[in-house]
Amino acid sequence: MREFRDAARVQALIQKIAPLADELAAAFGRPIQIMEVCGGHTHAIFRYGFAQLLPHSIEFIHGPGCPVCVLPVKVIDEAIAISAKADTILTTFGDPMRVPGTSQSLLQAKAHGADIRVVYSPLDALTIATKNPHKQVVFLAIGFDTTMPSTALTLTTAKAQGINNFSVLCHHIRLMPTLEALLAGGDIQLDGFIGPGHVSMVIGTDAYQPVAKVHHKPLVVAGFEPVDFLLALYQLLIQLKEGRCETENAYARVVNHRGNLTALAAMDSVFDYGEDCQWRGLGWVENSGVRIKPDFSAFDASKHFSPSAEPGIQQEPCYCQQVLKGQRKPNQCPLFAKHCKPEHPLGALMVSSEGACAAYYQYLPDKETGIHG
Ligand code: SF4
């Protein structure tokens, strides 16, 4: 366990959470089942030792909020096909580089000679385009609502500057339709959600109202510091004890109820929403897709390059889907830590810095031992 900057507050919160969780679990006749939506929170649970510090009366179900883990095989295949074109530079974030495609990953394609570059922001990709006017530069855009504003800003900038050798292969995904699909599936028993602080900073807490009002699950938005997470967990347990079902915000220093209006306006000016999309491990998710508006079609790589519509061939073991949906823990996968490791990942969940399997592998002292996280 790492040393906490706020150790006294962490200890005080755990002392309040533990008896409350035990009391609720006794009343329910089973552990309280909390889904932390975001992979960043999954890693926080292990990094800060909460899996060991919190009682077994709380069971964390790891949610689908890792954009790399849900990246379809077809997207990797499309990006590799584009990178194989003459005079083309493909750019993207570091995380997707090792995600398996049908026959290879972006990293393997780069090793075979494709010009694929890792950038920290889409604006860096635009800079590469301005420095390479005789090449087409494509940015593979992934991520939930958190990263959509920076893609929107980059497209707006490219249009304003009249740059004609830059385009975006848009594979953003929206969180709320994904959560609603998960709840509608009814495959898992959940008592409540810890909401992701970064997505919430963009979309605001009001966006989660359907979780409480339609699906009758409480949700509390949390930041990523130990105290932030525990405070949200405590608020969630208080709701369960009082029989309330509301959206609450335990990260008010960053998140408000309406979201970042500037970011939302930038997104709305560039993207259309409402398309059903097929995601790795989740299948078809209604309304989750994001398309570049016709006004920006000159910057839409899917129009520019017409990448293959062939569905990618999923090579991943079926366990990945079960872990992604919270139906199985990573260390309940028979391949975990034996055949599937970060240096040789069989599934995207072992690749991403937010993947649940990568978190278990990195932080579990005994990788064979099941725990309540
Ligand atoms: S350990 Fe590997 S194969 Fe098993 S669920 Fe995780 S990523 Fe998939």
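Definitions and limits used
- Residues numbered from 1 in each chain as written.
- Predicted model: local features only at pLDDT ≥ 70, side-chain atom pairs only at ≥ 80, totals over all residues.
- Heavy atoms only, no water.
- Helix = DSSP H or I, 4+ residues; strand = E, 2+ residues; numbered from the N terminus.
- Rg over C-alpha atoms; globule rule 2.2 N^0.38 Å.
- Buried < 20%, exposed > 50% of the residue type's maximum accessible area, 1.4 Å probe, protein only.
- Contact = heavy atoms within 4.5 Å.
- Lys, Arg positive; Asp, Glu negative; His and termini not counted.
- Charge placed at Lys NZ, Arg CZ, Asp CG, Glu CD.
- Pairing = 2+ DSSP bridges.
- Axes fitted to C-alpha atoms, helices over the stretch in contact; angles between N-to-C directions.

Student: Would you explain the overall build of the chain in this entry?
Tutor: Secondary structure assignment for the chain yields 15 helices and eleven strands. Against the 2.2 N^0.38 benchmark of 21 Å for 373 residues, the chain shows a C-alpha radius of gyration of 21 Å, consistent with a compact globule. In terms of its C-alpha atoms, the chain occupies a principal-axis envelope of roughly 65 × 45 × 40 Å. Considering the chain as a whole, with its 373 residues, one finds that 55% of them fall into the buried category. Partitioning the contacts of the chain with sequence separation of at least 6, the portion at a separation of at least 24 is 77%. Positive and negative charge centroids in the chain, built from 31 and 35 side chains respectively, lie 3 Å apart.

Student: What is the right way to read the sheet that holds strand E8 (residues 219-222) from this model?
Tutor: Working definition: the strands of a sheet are paired by backbone hydrogen bonds and lie parallel or antiparallel to each other. Read from one edge of the open sheet, five strands run E2-E1-E7-E8-E9, paired in parallel fashion. Two strands lie at the open edges of the sheet, namely strand E2 (58-65) and strand E9 (247-249), each paired on one side alone. The sheet shows a mean angle of 25° between the axes of neighbouring strands, taken without regard to direction. By the bridge criterion, three bridges tie E8 to E9 in an arrangement that is parallel. Looking across to E9, one finds that valine 221 is bridged to asparagine 249. Packing against the sheet, helix H1 (residues 7-28) makes contact with strand E1 (32-38) and E2, and its axis sits at approximately 120° to E1. Packed on one face of the sheet, helix H2 (residues 39-47) meets E1, E2, strand E7 (192-196) and E8 and runs near 120° to E1.

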